[in-house]
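Notes for the structure review
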Amino acid sequence: MSIEMENSKQMRTWLDDMKLDHPLVIAGPCSAETEEQVMRIANELKDTDVNYYRAGIWKPRTRPGMFEGVGALGLKWLQKVKKETGLKTATEVANRAHVELALEHDIDLLWIGARSTVSPFIVQEIADALEGTDKIVLIKNPVNPDLALWLGAVERLHTANIKNLGVIHRGFSTYEKSKYRNIPEWQMAIELQTKFPDLPIINDPSHITGNRDMIFDVSQTALDLNFDGLMIETHYDPDNAWSDAAQQVTPEKLIQIMRDLKIRKESNEEMEYTNNLNNLRAQIDIIDNQVIDILGKRMKISDSIGALKKQKNVAVLQSNRWNAILGNMILEGEARGLSEEFILKMFKAIHQESINHQEKIING
Ligand code: PEP
Ligand code: MN
């Protein structure tokens, strides 16, 4: 990353200039479907905290033959939204032609989707097409958890003299099944904020969760981690949406989410203390969940060992193996500032749970 970009404070000017007393909110349907649908949702979102109205016009779909967006026609509907509701507009662009059409239709905010950020050729094409623009451009994280690739995209746009930049954290794709559609890997967003505190960062709980019931919790975590805003997919009839049905919320639900979220304001010392505390607690909660997850995985492997031992009729407790593990872990712990006493207690507890599991398997 160039020094110039590291020092650049102008990236967040657009956000500061908005002088919001709440996080930035970008909301609207995953896809523009019909003029009636676009207008109806926009009308339900005007006079709320929503700052930008989103609608996907060109949809990057995993498989061919699915709904791929209404195309340029939808840009006219977004223009009508701006004219009739006063909401600013936002859409995804994925190549030069999209950029040219979006600019022609005076879309206020453009974002680069996760499937585009992975391709430096595409990002460069978009950066060249947008060169010098005053529009706000947000870059979603690439589908794979690669911070350098994400920052490389920011750098390409910055180098193309695009000043009003920001990023959107929408989670990362994994082979392993999880409760998330795209796992958040919060650590990466935290690292990005630490390195570039002036780069606005928006959270997209819709694509992280893939499930409307989890949107509130992920949004709250994001705000506790100092995110600047949220992008939430919103549709008056989510179940019948033409794309991403499971994750969209109704305008009514969105308003309720915005009302219930605890929003931290940086005003006085007391507040700052609470903010810092909440921020650190949110980080602890994330790690605690990872600890539980990893212990669950360890126990599953231990179950498989139990099944093997049963087959071969071997005793559960193999003390050589256990002593070797303990010795290693005491050394690893020491290197991380963890006392021998703690490591012993913790591994004894893990080992006991493992033995209980294996005994159950062997005896029954
Ligand atoms: C979207 O915002 O509808 C979208 C396609 O998102 P992503 O690029 O995060 O998959
Ligand atoms: Mn979507």
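Residues numbered from 1 in each chain as written. Chains lettered and ligands numbered in written order. Predicted model: local features only at pLDDT ≥ 70, side-chain atom pairs only at ≥ 80, totals over all residues. Heavy atoms only, no water.

**Side note on the sheet that holds strand 8 (residues 229-233)**
Reading around the barrel, the eight strands line up as 1-2-3-4-5-6-7-8 and close back on themselves, with parallel pairing between neighbours. This sheet shows a mean twist of 25 degrees between the axes of neighbouring strands, independent of strand direction. The pairing of strand 5 (residues 136-140) with strand 6 (residues 165-169) spans four bridges and is parallel. Residue Ile139 lies in a different strand from strand 6, and its bridge partner there is Val167. Sheet strands in contact with helix 4 (residues 73-85) are strand 2 (52-54) and strand 3 (88-92), and its direction is about 160 degrees off that of strand 3. (Pairing = 2+ DSSP bridges. Helix = DSSP H or I, 4+ residues; strand = E, 2+ residues; numbered from the N terminus. Axes fitted to C-alpha atoms, helices over the stretch in contact; angles between N-to-C directions. Contact = heavy atoms within 4.5 Å.)

**As for the UniProt feature "domain: Chorismate mutase" (unreviewed entry) in the protein chain**
Feature annotation in UniProt places "domain: Chorismate mutase" (unreviewed entry) on residues 271-362, given in this structure's numbering. The span residues 271-362 is 89% helix and 0% strand, and its two end C-alpha atoms sit 55 Å from each other. (UniProt positions renumbered as here; feature names shortened; annotations may be inferred.)

**Focus: the coordination of the manganese ion (ligand 2)**
In this structure, Cys30 (SG), His207 (NE2), Glu233 (OE) and Asp244 (OD) serve as the protein donors to the manganese ion (ligand 2), at separations of 2.1 to 2.4 Å. Sequence spacing of the donors to the manganese ion (ligand 2): C-x176-H-x25-E-x10-D. Taken as a pair, Cys30 in the loop between strand 1 (24-28) and helix 3 (35-45) and Glu233 in strand 8 lie far apart in primary sequence, 203 residues in all. As far as the burial class goes, Cys30 and Glu233 line up, both buried. (Donors = N, O, S within 2.8 Å, 3.2 Å for Na, K, Ca; no water. Buried < 20%, exposed > 50% of the residue type's maximum accessible area, 1.4 Å probe, protein only.)

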